[in-house]
Amino acid sequence: MSGGLLVAGTTSDAGKSVVTAGICRWLVRQGVKVAPFKAQNMSLNSFVTREGAEIGRAQAMQAQACRVEPTALMNPVLLKPGGERSSQVVLLGRPVGEMSARGYHGGRQQRLLGTVLDCLAELRGTYDAVICEGAGSPAEINLRRTDIVNMGIARSARLPVLVVGDIDRGGVFASFFGTVALLSPEDQELVAGFLVNKFRGDVSLLEPGLDMLHGLTGRRTYGVLPFRHGLGIDEEDGLRVSLRGTVRESNTAPPVGEDVLRVAVCAVPLMSNFTDVDALAAEPGVVVRFVDRPEELADADLVVVPGTRGTVRALEWLRERGLADALVRRAAEQRPVLGVCGGYQILGERIEDEVESRLGRVEGLGLLPVRVRFAPAKTLTRPVGEALGESVEGYEIHHGVATVDGGEAFLRDDRGNPLDGCRIGQVWGTHWHGSLESDGFRRAFLREVAAAAGRRFVPAPDTSFGALREEQLDRLGDLIEEHADTDALWRLIESGAPRGLPFVPPGAPA
């Protein structure tokens, strides 16, 4: 078998990432050697591979669904927004510069098509099947000329296309029909059919509409996936979602101790790797909430200042909102604060930035004896160390280089030498993303937080974040196996789009 499939969507956030992961997990359980692929990803939620390449976390999650190690081949182009009009371009895991949207779509994107196709060809030469994920919608007719992630790559690699629609938003039939009808005849030849996502209710009530859709387009529906809570793992982009008041989906088990532990995460601009707090939300009795007002910190037992693609901008935002003063008061009262990556830099004394904001010297909050200088080269590593008597693994993605002059080292090597971070009282800071996924360290850290907060909270002794992630991926595989026509899906992956699919007018505009 040497097959492939492109999972496209009627919209952003239609469920492409989780459907791709579900198909990958279903295939690998059938004994198929499979890999994920996304030609171009726009996300601030990224990951570092073993070889030190930066890719989207969604592709790292999909690689885990495939039970393979993620590599830069799986996401050759990553765009990291730095504002409304520009992004850092990461090519094959390494940053190659900043570019405006106009400049990227004006020519640079199309020149990357050869690189993208080479990566896909290498994967297809290594794996039995490659399940590709599109971006946004293939019917973005304003961008079709330079597209390398939807129909552009489907056409170039002759991939069948499965279009996913989120019925929970409404208008799914119009979205399916309109997606096909806005494509050129050559693009339409590859659109094999549809997959309904997030359906609530009796499927029999939906079937007449699916029959009519088949009559209108000549394309079948390959499955209707029911709505399931807790499957939104490793989202690509927090920019599109207002995080005000959002609570990360938490473990439904009751707390082990007498109290819950409340965690408030400052929803800073250009927030990156906000999935760092997922491991906290997985703990029974820990409630994680994103906030943007100082009064929302009052009852929090722990406040997290997360990573950000705009450290100086986030610092200004904290000051404008009154959150900076609230954090300073918390530190003075010996109430726990954790800064991660950009959040760690914000907690320091001074930032010298001629790279990201280019504003030069900026005073930090002064809660940790740390000075940060932004370097042109980006640090991309997968470090291992110890903290609080427990082993810790993480990954680093940052331009800021920290100089620590005082306090305690947060993370150390196995000989006790400082590796990263700083602690003063109940203020902690580290550049390491993902450290809280280390179960022993997370429990030790939460015990310290609970003691400082005066909460009778006890971490569950057996929570394994890795096992919970595997359970989620298996649930995605179950969704595909139980609610999709897997025989038809297999034929699609193996043999390509059916021949003779009808053209749906009017087609793409000239």
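Rules of the game
- Residues numbered from 1 in each chain as written.
- Predicted model: local features only at pLDDT ≥ 70, side-chain atom pairs only at ≥ 80, totals over all residues.
- Heavy atoms only, no water.
- Helix = DSSP H or I, 4+ residues; strand = E, 2+ residues; numbered from the N terminus.
- Buried < 20%, exposed > 50% of the residue type's maximum accessible area, 1.4 Å probe, protein only.
- Polar contact = N/O pair within 3.5 Å; in protein donor to acceptor, adjacent residues only side chain to side chain.
- Arc of directions from axis to C-beta.
- Core = buried A, V, L, I, M, F, W, Y, C linked by side-chain atoms within 4.5 Å.
- Contact = heavy atoms within 4.5 Å.
- Axes fitted to C-alpha atoms, helices over the stretch in contact; angles between N-to-C directions.
- Parallel < 35°, antiparallel > 145°, perpendicular 65-115°, else oblique.
- Nonpolar A, V, L, I, M, F, W, Y, C, P; charged D, E, K, R; others polar.
- Phe/Tyr/Trp six-rings, centres within 6.5 Å; stacked < 30°, edge-to-face > 60°.
- Lys NZ or Arg CZ within 6 Å of the ring centre and 35° of its normal.

Draft legend 1. Examining the side chain of Glu296 more closely. Locating Glu296 in the fold gives a position in the loop between β15 (286-291) and β16 (302-305). Under the relative-accessibility criterion, Glu296 is labelled buried at 10%. At a separation of 3.1 Å, a polar atom in the side chain of Glu296 contacts the main-chain amide nitrogen of Asp292.

Draft legend 2. Structural view of helix α15 (residues 486-495). Three or more residues of α15 are buried, namely Thr486, Ala488, Leu489, Leu492 and Ile493. Projection of α15 onto a plane perpendicular to its axis shows the buried side chains occupying an angular sector of 160 degrees, all on one side. Residues of α15 that are exposed and point over 90 degrees away from its buried face: Asp487 and Ser495. Count one or two residues on from α15 and you reach Gly496, which has phi positive near 90 degrees.

Draft legend 3. Structural detail: the nonpolar core. Formed by 65 residues in total, the largest nonpolar core has its most connected members in Leu318, Leu327 and Leu338. Among residues more than four places away in sequence, those in contact with Leu327 are Leu297, Val303, Val305, Leu318, Val337, Leu365 and Leu367. Among the nonpolar cores identified, the runner-up in size contains 46 residues, and Ala135, Val163, Phe194 and Leu213 belong to it.

Draft legend 4. Broad picture of the packing of helix α1 (residues 16-29) against helix α14 (residues 465-483). The geometry of α1 relative to α14 is characterised by a closest axis approach of 7 Å and an angle of 85 degrees between their N-to-C directions. By the angle class used here, α1 and α14 are roughly perpendicular. Residues Val18, Val19, Ala21, Gly22, Ile23, Arg25, Trp26 and Arg29 of α1 touch α14, and the partners they reach there are Glu470, Leu473, Asp474, Leu476, Gly477, Asp478, Ile480 and Glu481. For the contact of α1 with α14, the residue count by class is eight nonpolar, two polar and six charged.

Draft legend 5. Seen up close, the packing of aromatic side chains. With the rule as written, the count across this model stands at seven aromatic pairs. Ring plane angle 80 degrees and centroid distance 6.1 Å describe the contact between Trp26 and Trp490, whose orientation is recorded as edge-to-face. Within this pair, whereas Trp26 is found in helix α1, its partner Trp490 is found in helix α15, the two being separated by 464 residues in sequence. In this structure an aromatic cluster arises from ring pairing among Phe410, Trp428, Phe441 and Phe445. Between Lys33 and the ring centre of Tyr127, over which it is positioned, the NZ or CZ distance is 5.4 Å.

Function cannot be inferred from these measures alone, as they are strictly geometric.
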